[in-house]
Amino acid sequence: MSKKIFIYIFLILYLLWVLVPYYFLIIISLMTHSDLISMPPKLFITNIYLNRYIKLFTGQGEVHSLVPGIENVLPGFWNALGNSLIFSFSSVIINILFGSTISYSIARLHFMEKRLLSLVLLGQIVISIGLMIPLYIMLSNLKLINTWIGIILTNSSHLLPFTIWVLTNFFKEIPVEIEEAAIIDGCDKIRMLYTIILPLSGPGLIAVGISVFIYSWGNLMIPLILTSKKELTTLPLFIANLTGHYAKDFGLMATVGSLTALPPILLAFFLQKYMVKGLTAGAIKG
Amino acid sequence: MSEVKPKGISASLVVIAVIIALIIGVVAGYFVKPVELIKETVTVPGIEKTVTTTIEKTVAGTIEKTVTLTPTAIAIPFTPPPKPEKIVVQANEWNQMWMKYLAESFEKEYGIKVEFWSYVHVEDLHTKTLAAYAAKSSEFDVIGMDEQWRGEYFKLGVLEPLNKYFEMEGIDPYKVYEPFLVDASTYKGQQLYVLTRIVLPFLFYNEKMLKEAGYTSPPTTWEELVDMSKVMMNKGICKYGTALPFAKAEGLVCQFTMFLHAFGGRWFNEKGEWAFNDDAGIKALTFMRDMIYTYKIAPTASVELNDRQVFDPLGAGDSAFSVNWNVFSKTATDPTVSKEAENIKVALAPGTKAAGVKSMSVTGFFGWGIYSLSKNKYWAWKFLLHQIMHPEISIKHYDIYGVPDSLKITHTDPFYKDPIEKKYYWAPYAVEQVRYAASRPGTITYYGEWTTMMQEELHKVLLDPTVDIKSALDRMVELSREMARRAGS
Amino acid sequence: MKLSPFSFFLNKKTEILFSFPALILIFFFIFIPISWGLYISFTDYSLLNPSFHFIGLKNYMEVLTSYNFLKSILTTFEFMVISMLIEFPIGLGIALLLNEEFKGKKITVALSLIPWSIPMVVNSLLWLWIYDPQYGLLNGILYWLGIKEYNKLWLGNPQIAMFALIIADSWQVIPFHVLFFLAGLQSIPKTYYEASAIDGANSLKRFFYITLPLLKRVFLILLLIRTVHCIKVFDMIYLMTNGGPGDRTTTMAFLAYLETFDHLKMSIGNTEAIIMSFILIILGTIYIMTLY
């Protein structure tokens, strides 16, 4: 019995460790600046300061920040949000479309299976700031800097290795017999695609979609290096600009931060089954 | 290149050409509106017709100067070019708050739309302007100007000199703006841009803490500040004397400028060479570091604090002093930002007893000028002029940002001055401080490289109390001279 | 595996067609830049001076003998080793706990995914606040504990900066380890444990003789994934320390970025990037060979 208690204690500590930081993120954004400069830091909000959120959502209102005027960056959040949505969704669509076709080829048709998978794995590993530097030089010569095509295609292609890896494993798990049976039953190619393959690969596609979305949502490197126009700022870059330049006003940073973190958290929490499958795909069976 | 005229152009061709030209002329004349000759006289309240004045500067390194200005009582009649549809002004979300009012009034008066080109970082301004200039593009009309780009912009010719515009209007800039601000924006005899506001640090202090320790007035020298801090810290009145903004950033170079000149040093010697490694420089840098490690009146966290975070300890009631940008005048008295709102007062930045300097601050001026490749220079000028013509918009700087604007009239004419001083007790201090301020060497053309080097070297000294100051300063001067050599200036 | 009868309906062309778009993207945005970068590293290219003069191995000589680069390799290695020494045991420990059956297991697993899904930027700004020397949470905790010198520098302290970064990264990354280990643990058949229990083995013996060996594959894969990740880490350093006090947290990846975009020494930065990419390729090849 003591073992169970031991486990519960540790797990509660673990959960605290996991959840408390996000809790602070939210309450920082709801505190006035003068409350924020208390030592020790306030654990609970005594008077809620909603002005930052009001300014964010309505563009009106006065926010008392450390340096008067810096709160006017807040309405830029919506531009960044829109850009992040476009960026993430496009990457998901491209990954699912292109990734599923090639994964199917590899899984069913064994199209250069070993070679392609190895190449794909290698590609996944090489992606880093080290890749971004020659990529930047290349794209700037092609005048693709500061363009949607530049950042969306770059991000999509950087996520494709992961997508292919996961989807190939998923497709391999769908027994060939099902397709064979369908053909015997007189099902034609197209109908089979809709009624059998897509539903069966659904979980895999969702897993990939969520992972690609979350990764693209939080990607800082690509917008940082490949864009310099304010109109193309995505949320991570927007936050990065906040942390660097504008006086490290934690209230403002937390406001934007807590909202930015919300979609991925919700996705991960409610669709965790798929995410886990996607992340660990290939780890067990390989 | 001389063109060889083909011989034997037939007469018919000539006739056809003339007819076409006539048609074009008629059609064009139909569409192009005639330009009216407008005689404009400028009346700005407070400008005198006779002007002979003496300007005395207290910036270390310059001398007294007598300036005689010729009277320009009559504005030169001038034919303004046709109005464009819009002018493009560089701004960011922060600046825009004030410029919006100016733009509204401008649009109402002239019917020209003001479009703001927004940037995120101040540095964006610099790179974008240079990029546009290099590409010979005319996308801006009014460009933002930070004082450290003076040398570079002048060398490249990015800014349109404003002397002739002032003459055209019959305005003497020294009468309109604070004289120091005019000098700050003049380079080699040319007025390159104008400053819209006065931003520079002065002393913030917690009156209640000082009273508790038995002091009736704030310190006037840094040595006094250190002594007061030690007393208050010992009595447990405050946690430390002051936090210092010594993070590796441009603010650090500002701080060094302030201390260097407070101890009587200067950037260049008479020969124009870098020479801040003299006695004064050593004293200054030693003092900066001693405040943290020897006198212990500043927290060691100072090496990580930038010049805005530095205000927080004062607001939280942990420190008694802060020599900080006057932008904080507003937040200092705002209870939602500062817990000690009722107790914080301002005074002139301290000087030093060692060098007998009364007060010393550092300039952080930001202004705007006319882009030399703009196609609407006259109307861009009108936009700059609009601030001068409308002091009632200019004084909004006090409300919005908590800083004084740059117009002399709002500081001298009781009509404006009295309500401002009644509302903002700190106003006269900020205006007065302008007379006691030094600048960073923004006239060098290699400022970007120089400041990166300085930040790194200064930060190294401040991080480690064992680093030898003399050799560090010698190294900085050596590197600066090397850069000067390479830049050929 | 039998060839699907589906393949009777398709010919080679369709295979290639299906794979085409993905292959083009990967080729163009991953492999071409590497080759391009390789080519440029042998020239004196710069964006301000886009002329290519072949200068042979000069860039490499300069980089491989530069103090900054060699120091950054050490820093990267330091980050990697300390990270893994912290994350692996904790990840395994928590996975062992989560492997037990208890009420609310599903919720716990779901909640533990939260740190991982938070964008890295948000994580960085959160820890920037926690580590704030004046009013941060960590110093606040020290204050509660009654420690007199509670105004400590974390990210600004050359000795602790690296450690602070690693903790901030660990918070986000440990769930990943937990997931991996959990998946691995769940694939160990319960019968092994039951059999050993019959033979009289206690839990410690069970752990060392059954659990660990059977986790070897997962362990190895995780090891390689994490090694690669630690070498690549950039976002966090950029946001939190910008290279650290001095150059204390300047890893290889960050140095390449600094040289290229800050100091504008493109050729040097590019060479460093290529060296880093090749280290990653070598590691990746080891990874693949281990898997197959």
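Quick caveat, the model's predicted, so the values are computed rather than measured.

**Comments concerning the interface of chain C and chain A**
The interface is formed by 105 residues belonging to chain C together with 110 residues belonging to chain A. Summed over both sides, the interface of chain C with chain A buries roughly 9,800 Å², with 82% coming from carbon and sulfur. Here chain C is connected to chain A by zero salt bridges. Taken together, chain C and chain A are joined by four residue pairs in polar contact (both at pLDDT 80 or more). Here the side of chain C that touches chain A gets 19 residues from one element, more than from any other, and that element is helix α2 (residues 12-41) of chain C. Of the residues assigned to the side of chain C that touches chain A, the class counts are 76 nonpolar, 19 polar and 10 charged.

**Digging into the environment of Ile 86 of chain A**
All names here are of chain A. Along the chain, Ile 86 turns up in helix α4 (residues 76-109). Judged by relative accessible area, which is 42%, Ile 86 ranks as partly exposed. Not counting chain neighbours up to four residues away, the residues in contact with Ile 86 comprise Trp 148 and Ile 152.

**A closer look at the nonpolar core**
Counting 288 residues, the largest nonpolar core has Met 232, Phe 256, Phe 276, Trp 368, Trp 450 and Met 454 of chain B as the members making the most contacts within it. If one sorts the elements of this core by residue count, helix α9 (residues 161-186) of chain C sits on top with 13 residues. For this core, the two domains that each supply at least three residues are domain 1 (2-49) and domain 2 (76-282) of chain A. For Phe 276 of chain B, the residues in contact, after removing those within four places along its chain, are Phe 256, Leu 260, Arg 266, Trp 267, Gly 281, Met 454, Leu 473, Met 476, Val 477 and Ser 480 of chain B.

**Focus: helix α3 (residues 122-134) of chain B**
Residue and element names in this part refer to chain B. Here α3 contains 13 residues, and its C-alpha end-to-end distance of 19 Å stays within 8% of the 18 Å for a straight helix at 1.5 Å per residue. Listing the buried residues of α3 in full gives Leu 125, His 126, Thr 129, Ala 132 and Tyr 133. For α3, the arc enclosing every buried residue in end-on projection is 140 degrees, short of the 170-degree limit, so these residues lie on one face. In this structure, the buried residues of α3 make contact with β3 (86-91), β4 (113-118), β5 (142-146), α4 (150-156) and β14 (366-370). Of the residues trailing α3, Lys 136 is marked for its positive phi of about 55 degrees.

**Some thoughts on the confidence of the model for chain C**
Residue and element names in this part refer to chain C. Confidence in the prediction of chain C, expressed as mean pLDDT, is 84, and 93% of residues score 70 or more. The model gives residues 1-5 a pLDDT under 50, and that stretch makes 14 contacts with residues more than four places away or in other chains. Of the two predicted TM-score estimates for the complex, the pTM is 0.81 and the ipTM is 0.87.

**Re the pattern of salt bridges**
Residue and element names in this part refer to chain B. In this structure the tally under the stated criterion is 25 salt bridges over all chains. Here Arg 485 and Glu 482 are joined by a salt bridge, their closest N and O atoms 4.0 Å apart. Here Glu 482 and Arg 485 lie together in helix α21 (residues 469-487), a separation of three residues that amounts to about one turn. Put simply, Glu 449, Glu 482, Arg 485 and Arg 486 are held in one network by salt bridges that share partners.

**Some points on the sheet that holds strand β9 (residues 201-206) of chain B**
Residue and element names in this part refer to chain B. Here we have four strands laid out as an open sheet, ordered β10-β11-β9-β12, and mixed in their pairing. At either end of the open sheet lies a strand with only one pairing partner, and these are β10 (240-242) and β12 (344-347). Averaged over all pairs of adjacent strands, the angle between their axes in this sheet comes to 25 degrees, without regard to strand direction. Where β10 and strand β11 (residues 319-325) come together, two bridges link them in parallel fashion. Each residue of the ladder has a partner; that of Tyr 240, found in β11, is Ser 319.

**Section: the interface of chain C and chain B**
Each partner contributes residues to the interface: chain C has 11 residues there, and chain B has 13 residues. Counting the surface chain C buries against chain B, the share from its top three residues, Gln 134, Tyr 135 and Leu 153 of chain C, is 49%. Scanning the region where chain C abuts chain B turns up zero salt bridges. Taken together, the connections running from chain C to chain B amount to three residue pairs in polar contact (both at pLDDT 80 or more). Looking at the side of chain C that touches chain B, its residues break down into seven nonpolar, three polar and one charged.

**Structural notes on the pairing of β14 of chain B**
In regular strands, side chains alternate between the two faces of the sheet. All names here are of chain B. Of all five residues in β14, five are buried; the element is thus mostly enclosed. Side-chain alternation along β14 places Phe 366, Trp 368 and Ile 370 on one buried face and Gly 367 and Gly 369 on a second face that is also buried. Across two bridges, the pairing between strand β8 (residues 194-195) and β14 is antiparallel. What sits directly across from Leu 195, in β14, is Gly 367.

**Focus on a nonpolar patch on the surface**
Together, Tyr 23, Leu 43 and Phe 44 of chain A together with Ile 141, Tyr 143, Trp 144, Leu 145 and Ile 147 of chain C give the surface a local cluster of nonpolar side chains, amounting to about 770 Å² of exposed area. Here the nonpolar patch gets three residues from one element, more than from any other, and that element is helix α8 (residues 137-144) of chain C. On the secondary structure map, Ile 147 of chain C appears in the loop between α8 and α9. Using a relative accessible area of 36% as the deciding quantity, one classes Ile 147 of chain C as partly exposed.

Each value, and the rule that gives it
- Residues numbered from 1 in each chain as written.
- Chains lettered and ligands numbered in written order.
- Predicted model: local features only at pLDDT ≥ 70, side-chain atom pairs only at ≥ 80, totals over all residues.
- Heavy atoms only, no water.
- Contact = heavy atoms within 4.5 Å.
- Buried area = accessible area lost by both parts, 1.4 Å probe.
- Salt bridge = Lys/Arg side-chain N within 4 Å of Asp/Glu carboxyl O.
- Polar contact = N/O pair within 3.5 Å; in protein donor to acceptor, adjacent residues only side chain to side chain.
- Helix = DSSP H or I, 4+ residues; strand = E, 2+ residues; numbered from the N terminus.
- Nonpolar A, V, L, I, M, F, W, Y, C, P; charged D, E, K, R; others polar.
- Buried < 20%, exposed > 50% of the residue type's maximum accessible area, 1.4 Å probe, protein only.
- Core = buried A, V, L, I, M, F, W, Y, C linked by side-chain atoms within 4.5 Å.
- Domains from an automatic or database assignment.
- Expected span 1.5 Å × (residues − 1).
- Arc of directions from axis to C-beta.
- pLDDT = per-residue confidence, 0-100.
- Pairing = 2+ DSSP bridges.
- Axes fitted to C-alpha atoms, helices over the stretch in contact; angles between N-to-C directions.
- Patch = residues over 30% accessible without salt bridge, like charges linked within 9 Å, V, L, I, M, F, W, Y side chains within 5 Å.
- Areas by Shrake-Rupley, 256 points an atom, 1.4 Å probe, with all protein chains shown as cover.

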